[in-house]
Amino acid sequence: MSETPAGVIHDLGYRRYDGPRLGRAQIVRALTWHSFRSSFGIGRGVKAKIVPVLACVAMCLPAFVNAFGVARGSPRLFGYDVYVPQLRVVVLTIFVAAQAPELVSRDLRSHVLPLYFSRPMRRGDYPLAKYVALTAACLLLIEVPLLILYVGTIASAKNGHGVWAETRALIPGLGVGLMWAVLMAAVGLVLASLTGRRAYATGIVAISCFLTWTVSELLIQAEGGITSASAGARIGGLFSPFNILDGVRIWLGGTSPGEDANPGHFGPLYGVVAVLLLAACLGGLAARYRKLSMS
Amino acid sequence: MVDTMPPSQYWPGGTTPPDLSAALPGGTTPPDPPAALPGGTTPPDPPAQAVIQTRALTKVYPGNVTALDGLTVGVAPGVTGLIGANGAGKSTLIKILLGLLPPTKGQATVLGRDCQTSGETIRTLLGYMPEHDCLPPDVTATEFVTHLGRMSGLPPTVAKERAAESLRHVGLHEERYRLIGTYSTGMKQRVKLAQALAGDPRLLLLDEPTNGLDPAGRTAMLELIGRIGAEFGISIMVASHLLGEIERICDHLVAIDAGRLLRADSITSFTAVSEVLAVEVEEGLAQLQQELKARGLTATVAQRALLVPLGGDDTYDVVRDAVADLALPLCRLEQRRHQVEELFRGDEGAAHV
């Protein structure tokens, strides 16, 4: 550095920029797009792509296999709204645990945030961009297999009626996927934003998701399983975000039988808890970055 | 190299005789950079439109910690040093100027805009270099500066161009495709400066830019900042706790202590009152002092030299005549400047009374 002939700079001259500047909304969009790409490891090293690629493969493989099966005459095995539920829980947990820290903990670790906050964005814009990006990434991970399955199935549909039936089954499935993405991205980000250490952040997210899920499952089992009508079994699902999501799905009229939770007449409670959890996570995220921007 | 030195490296009323070029063979007159002009004769621009203006700015943190205490100061265009010990309120002031921290009382404007209400607009016009490390190790400098250029509102291709240009301006052209993690501390500081420069700011806020650098790195960084201020036409406010260091590149100085203004003035107005002539003789110091007094100059003894306030060119003549008349062995006659630090120290003492 100091051996660089400093005089060189003198001759190059400085150019002003008088062209158009993007507004705040466009800057936030640029950050969202950047974060969305990095949540799949695009624009990052090979190592950053391992988890996203494996997660995508794991999620899409059953859909592919089943789509092929449908083409050979076997029935569609997975419901769009409960597509491989156990696998989805595991894969989504791993994905969020690995990629939420990628989006927020890295910036915390390297103290880049003051550089963002000293730019035109407002203080809430940074977490907003990160949240939208991770939600979109989760959505992609959840919905693409459904679309593969859908396309594979309607390709073998015999008539318009079959296509219509498939489409009607798909739409609630996409809705459920959206619900999952919206809630799990919020849970993952707020937990990951607690620490700048990636390993810790991943651990916190993964353990929180798995632990609550296990606790919730055990409670339901201890109370007689999902077929049990006891109140314990019905509200046991409230201890895990995944089971809350499944409970809300059933409450909203999901026809496929639940694997985990069966809310019964506690359905509205599941809805309320889901909204509260989402609000708490987003509020926590906003508060966290508000504090960070002032320090 | 010497030609590109910032103007402030040449002390006002330098001892170089003005007829030096006449003594050189005709035609080979070295290009005389404006920097070589006696700085004392070029008055600083009057603070026509202040780039920063605060009025009774007060910030009290929870727990009754007062970081700024009724600070009223105007900063003119050019390079301004913001001097204060750690905890004097420099960083708090910068946060308020960036519109990130609401003041408890008072008002601050940057480039004519109110910091509390126009934070977004101000931040498009500002470049900020934080004090602490703020670089991710696992991206290249180009990627990083490009991304932050985008965050400053530059369109994608412009951001790329300006990132390359900014990195070249700070002297990181060759290394810009390397991961930042492989950089030395000096190079990292340059990346921090480049990202502040990428958005084409009208004003740069640099918080302790020489932090963690070795002496050579400090000099290089200061030269770079001086050059940005002098040649790029960007106003700069440099916060530092090392006065002796940044006075070389500043046009103005603002000193704060415990959140209050100690003194704000142009550097030339400091030098105007601080120029002294040091006269050293091998013997007869007291004799000379008396002789000078008889000729109307009050000289003070400092170690082995006499310090004579420098009134004008005739002071040299009076001293020369006095020494010649007394036939004293003169061994040194030099023009000195008080370090601005001393002036502040005096002031500080007064401020605490």
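J.: Please provide a residue-by-residue account of the overall build of chain A, values included.
T.: The helix and strand inventory of chain A stands at eleven helices and zero strands. Secondary structure elements in chain A, listed N-terminal to C-terminal, are α-α-α-α-α-α-α-α-α-α-α. Taken over 295 residues, chain A has a buried fraction of 49%. For chain A, restricting intrachain contacts to residue pairs at least 6 apart in sequence, the fraction spanning at least 24 positions comes to 75%.

J.: Mind laying out the interface of chain A and chain B, listing which residues take part and the relevant values?
T.: Taken together, the contact pairs 41 residues of chain A with 55 residues of chain B. Of the roughly 4,300 Å² buried between chain A and chain B on both sides combined, carbon and sulfur atoms contribute 56%. Our count for the contact surface shared by chain A and chain B stands at six salt bridges. Of the charged contacts, one joins Arg106 of chain A and Asp138 of chain B as a salt bridge, the two residues approaching to 3.1 Å between their closest N and O atoms. Here chain A is connected to chain B by 21 residue pairs in polar contact (both at pLDDT 80 or more). Elements with a contribution of two residues or more to the side of chain A that touches chain B: helix H1 (8-12), helix H2 (24-38), helix H5 (113-117) and helix H11 (267-294) of chain A. Counting residues per element, the side of chain A that touches chain B draws most heavily on H2 of chain A, which supplies five residues. For the side of chain A that touches chain B, a count of residues per class yields 19 nonpolar, twelve polar and ten charged.

J.: Outline the nonpolar core, supporting the account with residue identities and numerical values.
T.: As a rule of thumb, nonpolar side chains are buried together in soluble globular proteins. If you look at the biggest cluster of nonpolar residues, it comprises 131 residues, and the most contacted ones within it are Phe144 and Leu205 of chain B. Tallying contributions element by element places helix H7 (residues 160-192) of chain A first for this core, with twelve residues. One finds Leu288, Leu297, Ala299 and Val319 of chain B within the second-largest nonpolar core, a separate group that totals 14 residues.

J.: Could you give an account of the packing of helix H4 (residues 141-151) of chain B against helix H6 (residues 185-198) of chain B, naming the residues involved and the relevant values?
T.: All names here are of chain B. Two elements in contact, H4 and H6, have axes separated by 8 Å at closest approach and are oriented at 30°. As for how H4 packs across H6, the hand of that crossing is right-handed. Residues Ala141, Phe144, Val145, Leu148 and Gly149 of H4 form the contact with H6, whose own contacting residues are Val191, Ala194, Gln195 and Ala198. Here the residues of the contact of H4 with H6 sort into seven nonpolar, two polar and no charged.

J.: Provide a residue-level description of the pattern of salt bridges, including the pertinent values.
T.: Tallying each qualifying case throughout the model produces 22 salt bridges over all chains. Notably, a salt bridge pairs Arg295 of chain B with Asp325 of chain B, separated by 2.4 Å at the nearest N-O pair. Separated by 30 residues along the polypeptide, Arg295 of chain B in the loop between helix H10 (285-294) and strand E12 (300-302) and Asp325 of chain B in helix H11 (residues 313-326) bring together distant segments of the chain. The network of salt bridges with shared partners includes Arg44, Glu102, Arg106 and Arg198 of chain A together with Asp138 of chain B.

About the thresholds
Residues numbered from 1 in each chain as written. Chains lettered and ligands numbered in written order. Predicted model: local features only at pLDDT ≥ 70, side-chain atom pairs only at ≥ 80, totals over all residues. Heavy atoms only, no water. Helix = DSSP H or I, 4+ residues; strand = E, 2+ residues; numbered from the N terminus. Buried < 20%, exposed > 50% of the residue type's maximum accessible area, 1.4 Å probe, protein only. Contact = heavy atoms within 4.5 Å. Buried area = accessible area lost by both parts, 1.4 Å probe. Salt bridge = Lys/Arg side-chain N within 4 Å of Asp/Glu carboxyl O. Polar contact = N/O pair within 3.5 Å; in protein donor to acceptor, adjacent residues only side chain to side chain. Nonpolar A, V, L, I, M, F, W, Y, C, P; charged D, E, K, R; others polar. Core = buried A, V, L, I, M, F, W, Y, C linked by side-chain atoms within 4.5 Å. Axes fitted to C-alpha atoms, helices over the stretch in contact; angles between N-to-C directions. Left-handed = near helix turned anticlockwise from the far one by under 90°.

These figures come from the coordinates and say nothing about function on their own.
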